[in-house]
Amino acid sequence: MHHHQKRSDRKHLSSSIAWLLVWAMATGLSSPPLLAETIGSVSTKFKLLGANDKIVVEAFDDPDIPGATCYLGRAKTGGISGSVGVAEDKSDASIACRQTGPITLSEKIKSGKVDGDEVFKKSTSLLFKTLQVVRFYDAKRNVLIYLAYSDRIIEGSPKNSISVIPITPWH
């Protein structure tokens, strides 16, 4: 009888661990973190049902240049459709990039061969389905330039936003 009790405890423990693993995978604890980091948000329009419309500020570290971070401010649709993920968020965003640590540029970046390359990919955030962020290097001024633009034409001209990082020694 006592032996049977231990086996049922062990079975209960293993099913608890299994559920814990399922929960961890479902909540993303086991997957690598996405490059987007939400810094904060402000509500811009109150909705009776579902989440409010808001402007979200997110940080994205340049995957190719440690020490370079871009901050994007973008509109996020609320309401019922926004809460269930059906609403199409506006693809215009404001960008500000800064040096957040020591920057060393690879030869590929210094040479200008990757100028105009997309920096953040769709896998980083759904935001980049409609918003492109490309990087250029201005060797003459030792400056990185980030250009964010919508690939959805709005009334004849794509919205765009630009930010530059002058590369300086990090203290």
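Up top is the structure these notes are about.
A. The arrangement of the overall build of the protein chain in detail. Each helix and strand counted, the protein chain has 3 helices and 8 strands in total. The linear arrangement of helices and strands in the protein chain, starting from the amino end, is α-β-β-β-α-β-α-β-β-β-β. Looking at the protein chain as a whole, 30% of its 171 residues qualify as buried. Considering only residue pairs separated by 6 or more positions, the protein chain has 44% of its internal contacts joining residues 24 or more positions apart. Accessible area for the protein chain stands at about 11,500 Å²; split by element, carbon and sulfur atoms hold 60% of it.

B. Local environment of the pattern of salt bridges. The tally for this structure, following the rule as stated, stands at 5 salt bridges. For aspartate 62, the salt bridge identified is with arginine 135, shortest N-O distance 2.8 Å. One end of the pair, aspartate 62, is in the loop between β2 (53-61) and β3 (68-76); the other, arginine 135, is in strand β6 (residues 131-138), with 73 residues separating them in the sequence. This pair shows no difference in class: aspartate 62 is buried, exactly as arginine 135 is. A single salt-bridge network, built from bridges that share partners, covers Asp62, Asp64 and Arg135.

C. Structural view of the state of the cysteines. Within the structure shown, the criterion is met by 1 disulfide. Disulfide pairing places cysteine 70 opposite cysteine 97 at an S-S distance of 2.1 Å. Around the S-S axis, the bridge from cysteine 70 to cysteine 97 shows a dihedral of about 105 degrees and counts as right-handed. Here cysteine 97 lies in strand β4 (residues 93-99) and cysteine 70 lies in strand β3, a separation of 27 residues in the sequence. A single burial state applies to cysteine 70 and to cysteine 97, both of which are buried.

D. Just the pairing of strand β7 (residues 143-150), in detail. Among the 8 residues that make up β7, 6 are buried, leaving the element largely enclosed by the rest of the structure. Two successive antiparallel strands, β6 and β7, enclose a turn made up of 4 residues, where asparagine 142 displays a positive phi of approximately 55 degrees. Where β7 and strand β8 (residues 160-166) come together, 7 bridges link them in antiparallel fashion. Counterpart to valine 143 in the pairing with β8 is proline 166.

E. Seen up close, the environment of phenylalanine 136. Here phenylalanine 136 lies in strand β6. Since its relative accessible area comes to 31%, phenylalanine 136 is described here as partly exposed. For the pair phenylalanine 136 and lysine 110, spaced 26 residues apart in sequence, the C-alpha separation works out to 9.6 Å. In this view, phenylalanine 136 contacts Asp115, Gly116, Val143, Leu144 and Ile145; residues no more than four positions away in its chain are not counted.

F. Spotlight on the pairing of β6. Within β6, 7 of the 8 residues are buried, which leaves it mostly tucked inside the rest of the structure. Across 8 bridges, β6 lies against β7 in antiparallel orientation. Residue pairing in the sheet places glutamine 132 in a bridge with tyrosine 149 of β7.

Parameters and conventions
Here, residues in each chain are numbered from 1, in the same order as that chain's written sequence. Reporting of local features is limited, given that this is a predicted model, to residues whose pLDDT is at least 70; pairs of side-chain atoms are given and counted only at 80 or more, and all residues count toward the totals for whole chains, interfaces and linings. The side-chain figures draw on all heavy atoms in the structure; neither hydrogens nor water molecules are used. What counts as a helix is a DSSP run of H or I of at least four residues, what counts as a strand is a run of E of at least two, and both are numbered from the N terminus. Type-normalised accessible area, obtained with a 1.4 Å probe on protein chains alone, sets the label of each residue: buried when under 20%, exposed when over 50%, and partly exposed for intermediate values. Only heavy atoms matter for contacts: two residues are in contact if any of them lie within 4.5 Å across the pair. All accessibility values rest on the Shrake-Rupley procedure with a 1.4 Å probe; residue burial counts only the protein chains present in the view. When a carboxyl oxygen of Asp or Glu lies within 4 Å of a side-chain nitrogen of Lys or Arg, that pair is called a salt bridge. By convention in this document, the label disulfide applies to cysteine sulfur atom pairs within 2.5 Å. Only strands joined by at least two bridges in the DSSP assignment are considered to pair.

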